[in-house]
Amino acid sequence: GHESSPSAHSPDSMRRQLEQPSCDPERNILLAWCDGSPAGFVRISPELKIGGTVASGGVLDGFRCLGLGSGLMAAALDRASDLNARVLHVQAADDDEPFHRLLASSGFERVTTYWSMMWSPGAPRGADLPAGYSFRDFKLGVDEERLTELQNAVFGGTWGFCSNTVEEISARVRLERTEPEGII
């Protein structure tokens, strides 16, 4: 149901996501079916190093208002509890009022706001770098360890950040829509 949307994923992209080191799809992806048709899902991403989990997913348009979202949310809460997570984070678009109501009825409250950013190809503008510093594109098979160290150093200790492993970064930089030239 998402073929022409930004949420669309090819079968190869879906395979790569399911093969990520922390995914464990048989335990952490729950599917909702209605009259023999796939209707929705929730994916639980454990971030147990910081005591949390992240839930993502949804219900397809033709199957909304049937209680599937509530069922998936309850299943996500149960899975987070099974993992002994202290928190379950769920991202919601600002304009998705039905989802905000579902979250509120499940006991969730807004704790932070994320900004979505889009990278446009080209050299970074207005960057005056000190001597000895430069920009370059990420190199697959070469820079995964350096990127992991950099991300963990820069974002460590910030709200909701769970440190990454080299294996996790290696898998993510190979996902569809992740271009090495988009990683500076």
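Just so you know, these numbers come straight off a predicted model, no measurement behind them.

Where strand 1 (residues 29–34) and strand 2 (residues 37–47) come together, six bridges link them in antiparallel fashion. If you follow Leu30 over to strand 2, its bridge partner there is Val42.

Under the counting rule described, the total for this entry stands at two aromatic pairs. Plain terms: the ring middles of Phe155 and Phe161 are 5.8 Å apart, the flat faces sit at 40° to each other, and that makes the pair tilted. Judged by its relative accessible area of 41%, Phe155 is partly exposed.

One open sheet accounts for four strands, arranged 1-2-3-4; its pairing is mixed. Two strands in the sheet have a free side with no partner beyond their single neighbour: strand 1 and strand 4 (87–90). Taking the axes of each pair of neighbouring strands and ignoring which way they run, one obtains an average angle of 20° across the sheet. As defined by bridge partners, strand 2 adjoins strand 3 (residues 52–59) across eight bridges and the pair is classed as antiparallel. Paired with Ser45 across the bridge in strand 3 is Val54.

This part covers the pattern of salt bridges. Within this structure, the stated rule accounts for six salt bridges. One salt bridge connects Arg174 with Glu144, and the closest N-O pair in it is separated by 2.9 Å. Of this pair, Arg174 sits in the segment after helix 6 (166–172) while Glu144 sits in helix 5 (residues 144–155), and the two are 30 residues apart along the sequence. With relative accessibility at 33%, the residue Arg174 sits in the partly exposed group.

Attention now goes to helix 4 (residues 97–105). Looking only at helix 4, the buried set comprises His100, Leu102 and Leu103. End-on view of helix 4: buried residues confined to an arc of 160°, all on one side of the axis. For helix 4, exposure combined with an orientation more than 90 degrees from the buried face picks out Arg101, Ala104 and Ser105. For helix 4, the elements touching its buried residues are helix 3 (68–82) and strand 4.

This part is about the nonpolar core. Grouped burial of nonpolar side chains is what soluble globular proteins tend to show. Core analysis: the biggest nonpolar cluster contains 15 residues, and Val42, Ile44, Ala55, Phe63, Leu68 and Ala76 have the highest contact counts within it. Where this core is concerned, the elements lending two or more residues are strand 1, strand 2, strand 3 and helix 3. In contact with Ala55, other than residues within four places in its own chain, are Val42, Arg43, Ile44, Ala76, Leu88, His89, Val90 and Gln91. In this structure, Leu147, Ile169, Val173 and Ile183 belong to the second largest nonpolar core, which totals five residues.

What counts, and where the lines are drawn
Residues numbered from 1 in each chain as written. Predicted model: local features only at pLDDT ≥ 70, side-chain atom pairs only at ≥ 80, totals over all residues. Heavy atoms only, no water. Pairing = 2+ DSSP bridges. Helix = DSSP H or I, 4+ residues; strand = E, 2+ residues; numbered from the N terminus. Phe/Tyr/Trp six-rings, centres within 6.5 Å; stacked < 30°, edge-to-face > 60°. Buried < 20%, exposed > 50% of the residue type's maximum accessible area, 1.4 Å probe, protein only. Axes fitted to C-alpha atoms, helices over the stretch in contact; angles between N-to-C directions. Salt bridge = Lys/Arg side-chain N within 4 Å of Asp/Glu carboxyl O. Arc of directions from axis to C-beta. Contact = heavy atoms within 4.5 Å. Core = buried A, V, L, I, M, F, W, Y, C linked by side-chain atoms within 4.5 Å.

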